[in-house]
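Residue-level structural notes
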Amino acid sequence: GNSSYNSLIKILTPNTNYCVKAYAKNSVGVGYGNQVCFTTLAPEPIITTVTPNGQNSIPFGNVVVNNISAVKSYTLSASALNPATGSITISAPSGFQVSTNAASGFSSSLNITYTSATITPTTIYVRFVPTLFGDYNGVITHTGGSATPINIDDVTVTGKGIQDPSLLSNTG
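In every chain, residue numbers begin from 1 and rise along the written sequence. In keeping with the model being predicted, local features are shown solely for residues with a pLDDT of at least 70 and side-chain atom pairs are shown and tallied solely at 80 or more, while totals for entire chains, interfaces and linings include all residues. As a rule here, side-chain values cover all heavy atoms of the structure and leave hydrogens and water aside.

Another aspect to go through is the overall build of the protein. A run of H or I in DSSP becomes a helix once it reaches four residues, and a run of E becomes a strand once it reaches two; helices and strands are each numbered from the N terminus. Scanning the protein from N- to C-terminus turns up zero helices and 13 strands. Ordering the α and β elements of the protein from the N terminus gives β-β-β-β-β-β-β-β-β-β-β-β-β. Seen through its C-alpha atoms, the protein measures out along the principal axes to roughly 105 × 35 × 20 Å. Counting every position in the protein, which comprises 172 residues, the buried fraction comes to 29%. Any two residues whose heavy atoms approach within 4.5 Å at even a single point are treated as in contact. Long-range pairs, those at least 24 residues apart, make up 69% of the contacts in the protein with a sequence separation of at least 6. For every accessible area listed, the method is Shrake-Rupley and the probe measures 1.4 Å; residues are considered covered only by the protein chains on display. Summed over all atoms, the accessible surface of the protein reaches about 11100 Å², with 52% contributed by carbon and sulfur. His is not counted, nor are the chain ends, whereas Lys and Arg count as positive and Asp and Glu as negative. Every charge is mapped onto a representative atom, which is NZ of Lys, CZ of Arg, CG of Asp or CD of Glu. Here the protein contributes 6 positive and 5 negative side-chain charges, whose respective centroids are spaced 20 Å apart. With a 1.4 Å probe rolled over the protein chains alone, any residue whose accessible area is under 20% of its type maximum counts as buried; one over 50% counts as exposed, and the rest are partly exposed.

Structure follows, in structure tokens:
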């Protein structure tokens, strides 16, 4: 009689043509099904980040207005980028700056170039530079390489611009 059979094919190479044919063996002999051909999908571009707390967030706490926080960092990597050579743009929200050097080169955005459709793990340095009093909340975004938002890890940054405590007084 007729019956169905399912099998999962694993560890296929992306963007590759495959042809398969099922067979069944019993006491009567061997029977073959129809050949089915398909092409696996190309891998999707992915941009990943890893922060020290593992939660894709970097809290800076309180920083005196017009001062610079201690530098913090996260790791950026990417794969299957398209085109194979290009750049990823990293953009920081107001009050925050990014660099590939812990001591210099900080700005509101930077470009990370890549080749072979890949960014090997790269340290991105972040600092908080509040110019106004109050809470700062935002997201460091990563764009480029044909990666879609669902395949991009962004990093949330928070901090608070405060008054210099040495300027506060309880005398009148």
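For patch detection, residues must exceed 30% relative accessible area and be free of salt bridges, and they are connected within 9 Å for like charges or within 5 Å for nonpolar side chains (Val, Leu, Ile, Met, Phe, Trp, Tyr). Salt bridge, as used here, is a side-chain nitrogen of Lys or Arg placed within 4 Å of a carboxyl oxygen of Asp or Glu. On the surface, a nonpolar cluster with roughly 360 Å² of combined accessible area is contributed by Ile-9, Leu-12, Val-20, Val-36 and Phe-38. Residue classification places Phe-38 among the partly exposed positions, given a relative accessible area of 30%.

Further remarks concern the packing of aromatic side chains. In this scheme Phe, Tyr and Trp rings, the latter by its six-membered ring, pair at centre separations within 6.5 Å, and the angle between planes marks the pair as stacked below 30 degrees, edge-to-face above 60, and tilted otherwise. A full pass over the atoms with the stated rule returns seven aromatic pairs. Taking 5.8 Å as the distance between ring centres and 25° as the angle between the ring planes, the aromatic pair formed by Tyr-18 and Phe-38 counts as stacked. Here the residue Tyr-18 occupies a position in strand S1 (residues 17-20), and Phe-38 occupies one in strand S4 (residues 36-39), the gap between them amounting to 20 residues. According to the relative accessible area criterion, Tyr-18 is partly exposed, its value standing at 22%. Summarising the aromatic geometry, the rings of Phe-60 and Phe-128 are spaced 6.1 Å apart at their centres and angled 45° between planes, so their arrangement reads as tilted.

Time to look at the nonpolar core. We call a set of buried Ala, Val, Leu, Ile, Met, Phe, Trp, Tyr and Cys residues a nonpolar core when their side-chain atoms join them within 4.5 Å. Ranked by internal contacts, the top residues of the largest apolar core, which has 27 residues, are Tyr-74, Ile-90 and Ile-140. Element by element, the count of residues in this core is highest for strand S11 (residues 119-128), at four residues. Once you skip the residues sitting within four places of it in the chain, Ile-90 turns out to touch Tyr-74, Leu-76, Val-98, Ser-108, Ser-109, Leu-110, Ile-112, Ile-124, Ile-140, Thr-141 and His-142.

Strands qualify as paired when DSSP identifies two bridges or more between them. Spatially, S6-S13-S12-S8-S10 is the arrangement adopted by the five strands of the open sheet, whose pairing is mixed. Strands with a single pairing partner mark the edges of an open sheet, and in this sheet they are strand S6 (57-64) and strand S10 (109-114). The mean angle between the axes of side-by-side strands here comes to 20°, regardless of whether they run parallel or antiparallel. For every element, the axis is a line fit to its C-alpha atoms; helices are fit only across the contacting stretch, and the angle between N-to-C directions ranges from 0 to 180 degrees.

Spatially, the four strands line up as an open sheet ordered S5-S7-S11-S9, and their pairing is antiparallel. With one partner strand each, in any of the chains shown, strand S5 (46-50) and strand S9 (96-99) form the two edges of the open sheet. In this sheet, adjacent strand axes meet at a mean angle of 30° when their direction is disregarded. Of the pairings in the sheet, the one linking strand S7 (residues 72-79) to S11 comprises six bridges and is antiparallel in character. Bridge pairing in S11 links Ala-78 to Ile-119.

Here the focus is the state of the cysteines. Count a disulfide wherever a pair of cysteine sulfur atoms falls within 2.5 Å. Evaluated as defined, the whole model comprises one disulfide. At a sulfur-sulfur separation of 2.1 Å, the disulfide partner of Cys-19 is Cys-37. Its S-S torsion of about 105° marks the bond between Cys-19 and Cys-37 as right-handed, since a negative value means left-handed. In this pair, Cys-19 sits in strand S1 while Cys-37 sits in strand S4, placing the two residues 18 residues apart along the sequence. Residue class for Cys-19 comes out partly exposed when judged on its relative accessible area of 48%.

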